[in-house]
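Commentary on secondary and tertiary structure
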Amino acid sequence: WGDLRRHADQALQLQKRWPDDFFIQYQVHRTLLWDRRVDAAAKLLTGIRELPLGNVETSLALAEARQACAEGRRADAEAILASAKYDTTGSRWSMLMLLGRQQEATERLMALEREGNVFALSGFLTYAEFDPTPFPSLMRILEREQVKRPPPVPLPFACPPSGK
């Protein structure tokens, strides 16, 4: 995950180039949070809220939850998780990871393992926080292809533990 500062600076250039593209803004927001630029991410999120949303409510809810966690507002992130209307496996997994509920997040993906849907599981390899070791079907492919995956990286913008 190397030079995050440089990647965040490049992401800001993309954000300026495509100010009306929700998904670019969404990814830049996440990149800023990875780089611990919480205030810059909050400012960007204000602009994201003003974009025409169409069918991106789940992504906006996830961005709102990430920002809440980064600011230490766990209760707000939990409320977003509880009220998520447009639930997908990926968004629910991300929300659970934000809240530090890794075991529950892993269990959420176990349905893919049971179905033999390695393709869907492999999509989570793009997330630094994803741990493939609980998924034997995915691990067999990674081992067969001699993929040397680094250990999962904790989210720098995860919510503080409950009760804190």
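The structure displayed is predicted, hence computed values, not measured ones.

**A closer look at the pattern of salt bridges**
Across all of its chains, the model carries 7 salt bridges by this definition. Its salt-bridge partner being R37, residue D35 comes within 2.6 Å of it at the nearest N-O pair. By relative accessible area, D35 is classed as buried at 11%. With its nearest N and O atoms 2.9 Å apart, the salt bridge here joins R144 to E145. Under the relative-accessibility criterion, R144 is labelled exposed at 58%.

**What to know about the state of the cysteines**
This model, assessed by the stated rule, comprises 1 disulfide. Between C69 and C159 runs a disulfide, and the two sulfur atoms are separated by 1.9 Å. With the S-S bond torsion at -75 degrees, the cross-link from C69 to C159 turns out left-handed. Pair noted here: C69 is in helix α4 (residues 57-70) and C159 is in the segment after α9 (136-144), with a separation of 90 residues, a long-range link.

**A short note on helix α5 (residues 74-83)**
Residues of α5 that are buried: R74, A77, I80 and L81. The buried residues of α5 occupy one face: seen down the axis, they fall within an arc of 120 degrees. In α5, those exposed residues whose orientation departs by more than 90 degrees from the buried face are A75 and A82.

**What about the packing of α4 against helix α6 (residues 89-98)?**
Here α4 crosses α6 at 5 degrees, and the two axes come no closer than 10 Å. Our classification of the angle between α4 and α6 gives roughly parallel. Taking contact as the criterion, the partners of T58, L62, A65, R66 and C69 in α4 are, on α6, S91, S94, M95 and L98. Across the contact of α4 with α6, the residue classes tally to 5 nonpolar, 3 polar and 1 charged.

**A closer look at the packing of aromatic side chains**
If you walk through the whole model with that rule in mind, you get 10 aromatic pairs. A centroid spacing of 5.8 Å and a plane angle of 35 degrees characterise the contact between F124 and F130, whose relative ring orientation is tilted. Taken as a pair, F124 and F130 share a single burial class, namely buried. Among the aromatic side chains, those forming a connected cluster through ring pairs are W93, F124, Y127, F130 and F135.

**Quick look at the nonpolar core**
Core analysis: the biggest nonpolar cluster contains 43 residues, and L98 and L109 have the highest contact counts within it. Of all the elements in the fold, those that place two or more residues in this core are α2 (22-34), α3 (38-49), α4, α5, α6, α7 (102-115), α8 (118-122) and α9. Among all residues touching L98, those that are not within four sequence positions of it are L62, A65, R66, C69, L155, F157, A158 and C159.

Parameters at a glance
Residues numbered from 1 in each chain as written. Predicted model: local features only at pLDDT ≥ 70, side-chain atom pairs only at ≥ 80, totals over all residues. Heavy atoms only, no water. Salt bridge = Lys/Arg side-chain N within 4 Å of Asp/Glu carboxyl O. Buried < 20%, exposed > 50% of the residue type's maximum accessible area, 1.4 Å probe, protein only. Disulfide = S-S within 2.5 Å. Helix = DSSP H or I, 4+ residues; strand = E, 2+ residues; numbered from the N terminus. Arc of directions from axis to C-beta. Axes fitted to C-alpha atoms, helices over the stretch in contact; angles between N-to-C directions. Parallel < 35°, antiparallel > 145°, perpendicular 65-115°, else oblique. Contact = heavy atoms within 4.5 Å. Nonpolar A, V, L, I, M, F, W, Y, C, P; charged D, E, K, R; others polar. Phe/Tyr/Trp six-rings, centres within 6.5 Å; stacked < 30°, edge-to-face > 60°. Core = buried A, V, L, I, M, F, W, Y, C linked by side-chain atoms within 4.5 Å.

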